[in-house]
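Survey of secondary and tertiary structure
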Amino acid sequence: MEALRVLELYSGIGGMHQALRESCVPAQVVAAVDVNTVANEVYKYNFPHTPLLAKTIEGITLEEFDRLSFNMILMSPPCQPFTRIGLQGDMTDPRTNSFLYILDILPRLQKLPKYILLENVKGFEVSSTRDLLIQTIGNCGFQYQEFLLSPTSVLMEFPQTESEHPQKHAIDAEKKIEEKKIEPNICFDSSTQCSGKEAILFKLETAGEIDRKHQQDSDLSVRMLRDFLEDDIDMNSYFLPPKSLLRYALLLDIVKPTSRRSTCFTKGYGRYMEGTGSVLQAAEDVQIETIYKSLTNLSQEEKITRLLMLQLRFFTPKEIANLLGFPPEFGFPEKTTVKQRYRLLGNSLNVQVVAQLIKILCE
Ligand code: SAH
């Protein structure tokens, strides 16, 4: 197979590029596009040879797109307009503008790409933006598949739900009208096959099923968090401050190195305590129930002393990258702060999940 020429839109720290590599599909990223300078520094650090356009997508003309002569698009449009907890501005959210621009450009390209992979959050699949996407690629003659998935359901071994995207929504579109084979290691709980040549829709587990699975810790096929932890870190910089311990003790999602699950890590991780991602109990032998039960009627100082015994710490950015399936050699430039790293990772994706999707797409 001739190497694909890939256009990576909304490239961020390069989760899509990383996934493309992991998929082993022969390909070359001919251009990556993102406006975020901090993300772009991380991208360049990891993919120094890839042409990176540090500009808005709306600033790229049809002619410029044509000149890139790509045959695959990988993209992760901003997800805030579609998150269930957000305002769901959908098409009216200005952050969707660049994507509408892409949909406008697509049919006018000199040569349509052969493959498109789009990744977004749960919520996208019910948006009008998604309907417009389906309509546009349908008119262009693409065949497509949609997936609603979670790392534990696809890979069986990854303990974490994806960054800000507890359940991901992805669309594989292919300019090809033949039946698709599905990877045998991906199990489809329910599938809907639409009649006609253009659409095959698949759904991977219902939201309820995924949520239930994440509350459990008993699925032994999922790897323990221990496997994703760094060995030599300065723990002191990651311990939760005593003030937070006191205030948020009961709201934290606490996991141990032997746990096989965590909540998703969002971009506020390390800064905000509630609902932004699990924290790790480094003192494994301490019984958390005993600590919590003993807290009543204690003075604040005594409470803090007890809670400190758990040695609760944040996961490091590198550990989150590991959980997202980034390879060991993935790194950050030194000047990227820890907070920035959390933010960027919170926007990224599970590399191994997307690698599987790319394989399905190009099969
Ligand atoms: N998949 C990426 C993250 C995508 S998050 C990763 O692995 O890191 C969405 C990205 O789109 C952000 O990095 C944001 O800076 C970028 N972005 C948002 N609007 C844009 C626009 N109009 N033009 C170019 N990039 C944009």
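All values derive from a computational prediction rather than experimental measurement.

**Section: the overall build of the chain**
Helices and strands together make up the secondary structure of the chain, namely 13 helices and twelve strands. Every one of the 363 residues in the chain was classed for burial, and the buried ones make up 54%. Across the chain, the fraction of contacts at a sequence separation of at least 24, relative to all contacts at a separation of at least 6, is 76%. For the chain, the computed accessible surface area is about 16,600 Å², with 51% contributed by carbon and sulfur atoms.

**Focus: the nonpolar core**
Soluble globular proteins tend to bury their nonpolar side chains together. Among the nonpolar cores identified, the biggest contains 66 residues, and Met72, Phe315 and Ile358 are the most heavily contacted of them. Top contributing element to this core by residue count: helix H13 (residues 351-362), with nine residues. Aside from chain neighbours lying at most four places away, what touches isoleucine 358 is Met16, Ala19, Leu20, Ser23, Val25, Met72, Leu74 and Leu117. By size, the runner-up hydrophobic cluster in this structure holds 34 residues, among which are Leu62, Ile73, Ile105 and Leu118.

**A word on helix H12 (residues 338-347)**
Inspection of H12 places Arg341, Tyr342, Leu344, Leu345 and Gly346 among the buried residues, and these make up the whole buried set. Those residues of H12 that are buried are in contact with helix H2 (37-46) and helix H11 (317-323).

**Some words on the pattern of salt bridges**
With the rule as written, the count across this model stands at ten salt bridges. Aspartate 131 is the salt-bridge partner of arginine 130, the closest N and O atoms lying 2.9 Å from each other. With a closest N to O distance of 3.5 Å, aspartate 227 and arginine 223 form a salt bridge. The exposure class of aspartate 227 is partly exposed, given its relative accessible area of 46%. Looking at arginine 223, the relative accessible area reads 30%, which means it is partly exposed. A network of salt bridges, in which partner residues are shared, links Arg130, Asp131 and Glu146.

**Observations regarding the sheet that holds strand S12 (residues 312-313)**
Spatial ordering of the open sheet is given by S10-S11-S12, a layout of three strands whose pairing is mixed. Edge strands, defined here as strands with exactly one partner in the open sheet, are strand S10 (254-255) and S12. In terms of strand pairing, strand S11 (residues 279-281) meets S12 through two bridges, oriented antiparallel. Paired with leucine 280 across the two strands is arginine 313, which belongs to S12.

**Some details on the packing of aromatic side chains**
Applying the stated criterion across every chain, the model contains nine aromatic pairs. Geometrically, the ring pair formed by phenylalanine 265 and tyrosine 269 is edge-to-face, given 4.9 Å between the ring centres and 80° between the ring planes. Assessed through its relative accessible area of 1%, tyrosine 269 is described here as buried. Here the aromatic residues Phe265, Tyr269, Phe314, Phe315 and Tyr342 are joined through ring pairs into a cluster of three or more.

**Examining the pairing of strand S5 (residues 115-121)**
With seven of seven residues buried, S5 lies mostly within the body of the structure. Bridge count for strand S4 (residues 72-75) against S5 is four bridges, and the pairing is parallel. Paired with methionine 72 across the two strands is tyrosine 115, which belongs to S5. Each parallel crossover has a hand, and for S4 linked through helix H4 (residues 97-105) to S5 it is right-handed.

**As for the site of the ligand**
Near the ligand there are 19 residues, and of these Ile13, Gly15, Asp34, Glu58 and Ser348 occur at the shortest range. The side chain of glutamate 58 places a nitrogen or oxygen atom 2.9 Å from a nitrogen atom of the ligand. At a separation of 3.5 Å, a nitrogen atom of the ligand approaches a polar side-chain atom of serine 98. In terms of residue class, the shell around the ligand is made up of six nonpolar, ten polar and three charged.

**Points about the packing of helix H1 (residues 15-23) against H13**
Where H1 meets H13, the axes come as close as 8 Å, and the angle between the chain directions of the two elements is 60°. Here H1 lies oblique to H13, going by the angle between them. Considering the relative orientation of H1 and H13, their crossing is right-handed. For the pair H1 and H13, the contacting residues are Gly15, Met16, Gln18, Ala19, Leu20, Glu22 and Ser23 in the first and Val351, Gln352, Val354, Ala355, Ile358 and Lys359 in the second. Of the residues that constitute the contact of H1 with H13, the class distribution is seven nonpolar, four polar and two charged.

**Concerning the environment of leucine 74**
Topologically, leucine 74 is positioned in strand S4. Since its relative accessible area comes to 0%, leucine 74 is described here as buried.

About the cut-offs
Per chain, the residues get numbers from 1 upward, laid out in the order the sequence is written. The predicted nature of this model means local features are confined to residues of pLDDT at least 70 and side-chain atom pairs, given and counted, to a pLDDT of 80 or more, with totals for whole chains, interfaces and linings taken over all residues. For the side-chain quantities, the full set of heavy atoms in the structure was used; hydrogens and water were omitted. Helix and strand assignments come from DSSP, with helices taken as H or I runs of at least 4 residues and strands as E runs of at least 2, each series counted from the N terminus. Type-normalised accessible area, obtained with a 1.4 Å probe on protein chains alone, sets the label of each residue: buried when under 20%, exposed when over 50%, and partly exposed for intermediate values. What makes two residues a contact is simply this: any of their non-hydrogen atoms within 4.5 Å. To be clear on the numbers: accessible area is Shrake-Rupley with a 1.4 Å probe, and residue cover counts the displayed protein chains and nothing else. Definition used in this section: a nonpolar core is a set of buried Ala, Val, Leu, Ile, Met, Phe, Trp, Tyr and Cys residues joined via side-chain atoms within 4.5 Å. Salt bridge criterion: a side-chain nitrogen from Lys or Arg within 4 Å of a carboxyl oxygen from Asp or Glu. Pairing between strands is defined by DSSP: at least two bridges between them are needed. Aromatic pairing here means that ring centres of Phe, Tyr or Trp (its six-membered ring) are within 6.5 Å. Orientation follows from the plane angle: under 30 degrees is stacked, over 60 is edge-to-face, and everything else is tilted. The handedness of a crossover follows from its direction of travel: if, with the strands pointing away from the viewer, the path from the first strand over the helix to the second runs clockwise, the crossover is right-handed. A cutoff of 4 Å decides nearness: a residue is near a molecule or strand if any of its heavy atoms lies inside that distance of it. Pairs of N or O atoms are called polar contacts if they sit within 3.5 Å, as long as, within protein, a hydrogen donor faces a hydrogen acceptor (for residues adjacent in sequence, only side-chain-to-side-chain pairs). Under the convention adopted here, Pro, Cys and the residues Ala, Val, Leu, Ile, Met, Phe, Trp and Tyr are nonpolar, Asp, Glu, Lys and Arg are charged, and Gly plus all remaining residues are polar. Fitted lines through C-alpha atoms give the axes, limited to the stretch in contact for helices. The angle between two N-to-C directions lies from 0 to 180 degrees. In what follows, roughly perpendicular refers to angles from 65 to 115 degrees, roughly parallel to angles under 35, roughly antiparallel to angles over 145, and oblique to any angle outside these ranges. Here a crossing is called left-handed whenever its near helix is offset anticlockwise from the far helix by less than a right angle, and right-handed whenever the offset is clockwise.

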